[in-house]
Protein chains: 4
Amino acid sequence: MMKTDRIQAFSDGIFSILITILVLEFKLPDGYVQGNLLQAVLQQWPTLVAYVMTFTYIGILWLFHHDMFSCVQRIDARLNILNLSSIFLITLLNYSMSLLAESLVTLNTRDLQFALTFYALLALGISMSYFAFYHYLAHKPSLLASSRYQLQFRRLQRCPLLSSSIYFAALLAANLKVYAGLIFLVAGILFHGFAYWRAVRHTVTT
Amino acid sequence: MMKTDRIQAFSDGIFSILITILVLEFKLPDGYVQGNLLQAVLQQWPTLVAYVMTFTYIGILWLFHHDMFSCVQRIDARLNILNLSSIFLITLLNYSMSLLAESLVTLNTRDLQFALTFYALLALGISMSYFAFYHYLAHKPSLLASSRYQLQFRRLQRCPLLSSSIYFAALLAANLKVYAGLIFLVAGILFHGFAYWRAVRHTVTT
Amino acid sequence: MMKTDRIQAFSDGIFSILITILVLEFKLPDGYVQGNLLQAVLQQWPTLVAYVMTFTYIGILWLFHHDMFSCVQRIDARLNILNLSSIFLITLLNYSMSLLAESLVTLNTRDLQFALTFYALLALGISMSYFAFYHYLAHKPSLLASSRYQLQFRRLQRCPLLSSSIYFAALLAANLKVYAGLIFLVAGILFHGFAYWRAVRHTVTT
Amino acid sequence: MMKTDRIQAFSDGIFSILITILVLEFKLPDGYVQGNLLQAVLQQWPTLVAYVMTFTYIGILWLFHHDMFSCVQRIDARLNILNLSSIFLITLLNYSMSLLAESLVTLNTRDLQFALTFYALLALGISMSYFAFYHYLAHKPSLLASSRYQLQFRRLQRCPLLSSSIYFAALLAANLKVYAGLIFLVAGILFHGFAYWRAVRHTVTT
């Protein structure tokens, strides 16, 4: 059995690195001509959009991850593997962000559809990994710091199910009407923020 | 309610990553010819200037961030969101640094004006986020480790207000006389260092 | 004598950074033409294969590293040097991963043989460093948190010996039949996962 | 007064990030032709030399930094500024490493002289910052965890003075006979390792 603090430190490290290296995406555009820095930077608004989205998304994922593990007292091998799998998908957000930024520059419909599909699929996978977390913990009271958390995790399961369906809608929408896909994707991320806000209010206070 | 140590570890992680990856900006210049390494490196002095500035700036921001959270005992959702927003702006310093370095190479007036404006705007936003921190904490004694800190945060509010006005001056100055903008920007960062020095002397000692 | 928690935090930091920066390998392919993003990304499957492999590998190495140090109470200079050497080899996995990804793109037999040989050699070295860890700790009861762990480390020695021979087989196989080399390499990594699963079940529970 | 654990965590974070991102220097060489991966990688031996050197160097600097702060109980503003300055120089090692690797590829004498001079200057500065650490702590017993450490820091002052003179010799040698410069530089780093080994043996054991 692993103690919680180390897996939490390891995961926190990955979250903080991931959220920080996103900024490396901001590079001086290739087509930059002297005296045109303002225009060159303004043309990078897609990167800014994708950055704000992904920064917010990873930030909220960290908040949920953090709160979940603060209710966990012991880690077994299954939880460890689940955690590594979840983090694996989350690190790929760096890639999906740069694909989205790139296709928002060219505004090519097919590219944009693919980038949104890829991002939504990834988000769907991440939501499903959080569902697996909550489901597993709700059925493993021996890992929890208090038996009160069992009910809490059972209730929390609805959140990733709901966000999964939003991301699934984004997936479908993107391939019908590109901008609808983007709106659903943003909605999914905002939903996480809203869900966190509500969860915090209903959490058993220490 | 989140415990302070985890949000602090997460933020410390981001600060230390951000301050370290700044050095990735130093790359061998493209126009480098064999036997000319010295000249090629000397031509990178703008990167060094921007690097020293930004490293110092982030270092001091960390000192303030650290000291602030060492007075905080509990974190609520608002403080969490405020922290993520503040850190979001701080990570963008990596980008503003590379824009400044680039425009100090070409010395193109328009580019330099824009790079300084962007940097000053970002610094203004960061100062305002620190003002929001102090203001919020001064009115939320329930989050503080000791009620003595309430007065301290109320007094500290002046610092980011003052630095905000320096950065606002930098913003205006940059668009009138480029070098004046740079001087004000550096002055703002030096002011933080000075303010930290003073704050440390007046802090309630543990 | 160094306390365990700091060397563990330092090593955890390196593991989490290394596992996160692997994702920087995913970049938009050079030959990307507008409207072809899907094809361009699909052609990056070798990077995905190498990424999944290396992420899993580093993840499992971290699990073993973590569990080992949770049995260690004190660190001497030799263990410190051993740890830095082991981590040195592990950081090079980033490089071997990109070589493997690159040669899976071109599918050039000679390149693929070299990339697999390099990866297998590295994995061999890493396994040998873990053998050195277990061997050293099994003979230094003064460093352990409990004398029970001495026997445990003696038993654990077999794991890196076994994986070393798998990686040695991968080395030979790669130079005879390329795909056999890849299969042995993947088998070595899966073996680690299997060994961890077994080790966790037999570990003295706290 | 800042507690030691946070500044240590922040510094440890920077050390572990810095030592990990060194590996990003290993990139597929530009002149790489299909089927020539082995030759292309073999031509990167300079990067490997510079990498091993710098990894070892930063590793030992961390060991000294770690041991120093484990004797410190409280941090004042001066120690904080000293620490940030020291770390500033250490992060620049990433840059000096890539300059050295580059000039070992071309083997151009003038470039190599400059790269070695730059590296030696940086190492000189880092040694001087460690001297400043020890000197400051030897005269500030109020910051130490035990008064016994005062004598220890006074004795430790000789180490950075000695390594400074080795790096100064490297500086001079590099500009007379290039390879002598490289040998002195490596000697300086090996000296740190040797000094650490000796220091560990003479340290007051907890």
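Our subject is the structure listed above.
These figures come from a predicted structure and were not determined experimentally.

**Student:** Tell me about the overall build of chain A, and please be specific about residues and values.
**Tutor:** Helices and strands together make up the secondary structure of chain A, namely nine helices and two strands. Across its three principal directions, the C-alpha atoms of chain A cover 60 × 35 × 30 Å. Sequence separation of at least 24 residues holds for 76% of the intrachain contacts in chain A that already meet a minimum separation of 6. Entry remark: accessible area of chain A is about 8,400 Å², with carbon and sulfur atoms responsible for 64%. Within chain A, one finds 14 positive and 8 negative side-chain charges whose respective centroids are separated by 16 Å.

**Student:** Describe in detail the environment of D:Leu99, supporting the description with residues and values.
**Tutor:** Mapped onto the secondary structure, D:Leu99 falls in helix α5 (residues 93–106). On a C-alpha basis, the gap between D:Leu99 and D:Ala50 in space is 9.2 Å, while along the polypeptide they are 49 residues apart. Excluding residues within four positions of it along the chain, D:Leu99 makes contact with B:Leu28, B:Leu37, B:Val41, D:Phe114, D:Ala115 and D:Phe118.

**Student:** Give a detailed account of the relation of the copies chain A and chain B, specifying residues and quantitative values.
**Tutor:** In the superposition of chain A on chain B (RMSD 0.0 Å, axial shift 0.0 Å), the rotation amounts to 90 degrees. Both copies are brought into coincidence by an operation consistent with a four-fold rotation axis. A distinct binding surface is used by each copy, with only 6% of the interface residues of chain A retained as interface residues in chain B.

**Student:** Give me the arrangement of the chains: which residues, what numbers.
**Tutor:** You won't find any contact between chain B and chain C; their C-alpha atoms come no closer than 9 Å. When C-alpha atoms are compared, chain A and chain D, though not in contact, are closest at a spacing of 9 Å.

**Student:** Would you mind going over helix α7 (residues 148–156) of chain D in detail, with residue names and values included?
**Tutor:** Since the α-helix turns once every 3.6 residues, residues separated by three or four places project in the same direction. Residues and elements named next belong to chain D. Those residues of α7 lying buried are Tyr149, Gln152, Phe153 and Leu156. Looking down the long axis of α7, one finds its buried residues gathered within 95 degrees of arc, a one-sided arrangement. Residues of α7 that are buried in the fold lie against α3 (45–69), α6 (109–138) and α8 (158–176).

**Student:** Give me the side chain of A:Asn108: which residues, what numbers.
**Tutor:** Within the secondary structure, A:Asn108 sits in the loop between α5 (93–106) and α6 (109–138). Residue classification places A:Asn108 among the buried residues on the basis of a relative accessible area of 18%. Among the polar contacts made by the side chain of A:Asn108, one reaches the main-chain amide nitrogen of A:Asp111 at a distance of 3.1 Å. With near-sequence residues (within four places) excluded, A:Asn108 lies in contact with A:Ser103, C:Gln34 and C:Gly35.

**Student:** Go over the interface of chain C and chain A with me, naming the residues and quoting the values.
**Tutor:** The partner chain A presents 30 residues to the 34 residues of chain C that form the contact. Both faces considered, chain C and chain A share a buried interface measuring about 3,100 Å² in area, 74% of it formed by carbon and sulfur atoms. Remark: the boundary between chain C and chain A carries zero salt bridges. Our enumeration of links across chain C and chain A arrives at five residue pairs in polar contact (both at pLDDT 80 or more). Of all the secondary-structure elements, those providing two or more residues to the side of chain C that touches chain A are α1 (4–21), α2 (37–42), α3 (45–69) and α9 (178–202) of chain C.

**Student:** Lay out the packing of aromatic side chains in plain terms, naming residues and giving numbers.
**Tutor:** Under the criterion given, the structure shown has 56 aromatic pairs over all chains. Summarising the aromatic geometry, the rings of A:Trp62 and B:Phe10 are spaced 3.7 Å apart at their centres and angled 10 degrees between planes, so their arrangement reads as stacked. You can see A:Trp62 sitting in helix α3 (residues 45–69) and its partner B:Phe10 sitting in helix α1 (residues 4–21), one on each of two chains. According to the relative accessible area criterion, A:Trp62 is buried, its value standing at 0%. Of the residues examined, B:Phe10 reaches a relative accessible area of 1% and is grouped as buried. With a centroid separation of 6.0 Å and 45 degrees between ring planes, the pair formed by B:Phe114 and B:Phe118 is classed as tilted.

**Student:** Summarise the relation of the copies chain C and chain A; cite the residues concerned and give the values.
**Tutor:** Mapping chain C onto chain A calls for a screw motion: a turn of 90 degrees about the axis and a shift of 0.0 Å along it, with 0.0 Å RMSD after fitting. Looking at the interface residues of chain C, only 3% of them are also at the interface in chain A, so each copy uses its own face.

**Student:** Residues and numbers for the packing of helix α1 (residues 4–21) of chain A against α1(B), please.
**Tutor:** α1(B) packs onto α1(A) with a crossing angle of 45 degrees between their chain directions and a minimal axis gap of 9 Å. Comparing the axis directions of α1(A) and α1(B) gives the class oblique. Of the two possible hands of crossing, α1(A) and α1(B) adopt the one that is right-handed. Across the interface between the two elements, A:Gln8, A:Ala9, A:Asp12, A:Phe15, A:Ser16, A:Ile17, A:Ile19 and A:Thr20 from α1(A) touch B:Arg6, B:Phe10, B:Gly13, B:Ile14, B:Ile17, B:Leu18 and B:Ile21 from α1(B).

**Student:** Lay out the side chain of C:Ser16 with the relevant residues and their values.
**Tutor:** Checked against the element boundaries, C:Ser16 lands in helix α1. For C:Ser16, the side chain forms a polar contact with the main-chain oxygen of C:Gly13, separated by 3.0 Å. Beyond its immediate sequence surroundings of up to four residues, C:Ser16 is in contact with A:Phe10, A:Gly13, A:Ile14 and A:Ile17.

About the thresholds
- Residues numbered from 1 in each chain as written.
- Chains lettered and ligands numbered in written order.
- Predicted model: local features only at pLDDT ≥ 70, side-chain atom pairs only at ≥ 80, totals over all residues.
- Heavy atoms only, no water.
- Helix = DSSP H or I, 4+ residues; strand = E, 2+ residues; numbered from the N terminus.
- Contact = heavy atoms within 4.5 Å.
- Areas by Shrake-Rupley, 256 points an atom, 1.4 Å probe, with all protein chains shown as cover.
- Lys, Arg positive; Asp, Glu negative; His and termini not counted.
- Charge placed at Lys NZ, Arg CZ, Asp CG, Glu CD.
- Least-squares fit on C-alpha atoms with pLDDT ≥ 70 in both.
- Buried < 20%, exposed > 50% of the residue type's maximum accessible area, 1.4 Å probe, protein only.
- Arc of directions from axis to C-beta.
- Polar contact = N/O pair within 3.5 Å; in protein donor to acceptor, adjacent residues only side chain to side chain.
- Buried area = accessible area lost by both parts, 1.4 Å probe.
- Salt bridge = Lys/Arg side-chain N within 4 Å of Asp/Glu carboxyl O.
- Phe/Tyr/Trp six-rings, centres within 6.5 Å; stacked < 30°, edge-to-face > 60°.
- Axes fitted to C-alpha atoms, helices over the stretch in contact; angles between N-to-C directions.
- Parallel < 35°, antiparallel > 145°, perpendicular 65-115°, else oblique.
- Left-handed = near helix turned anticlockwise from the far one by under 90°.

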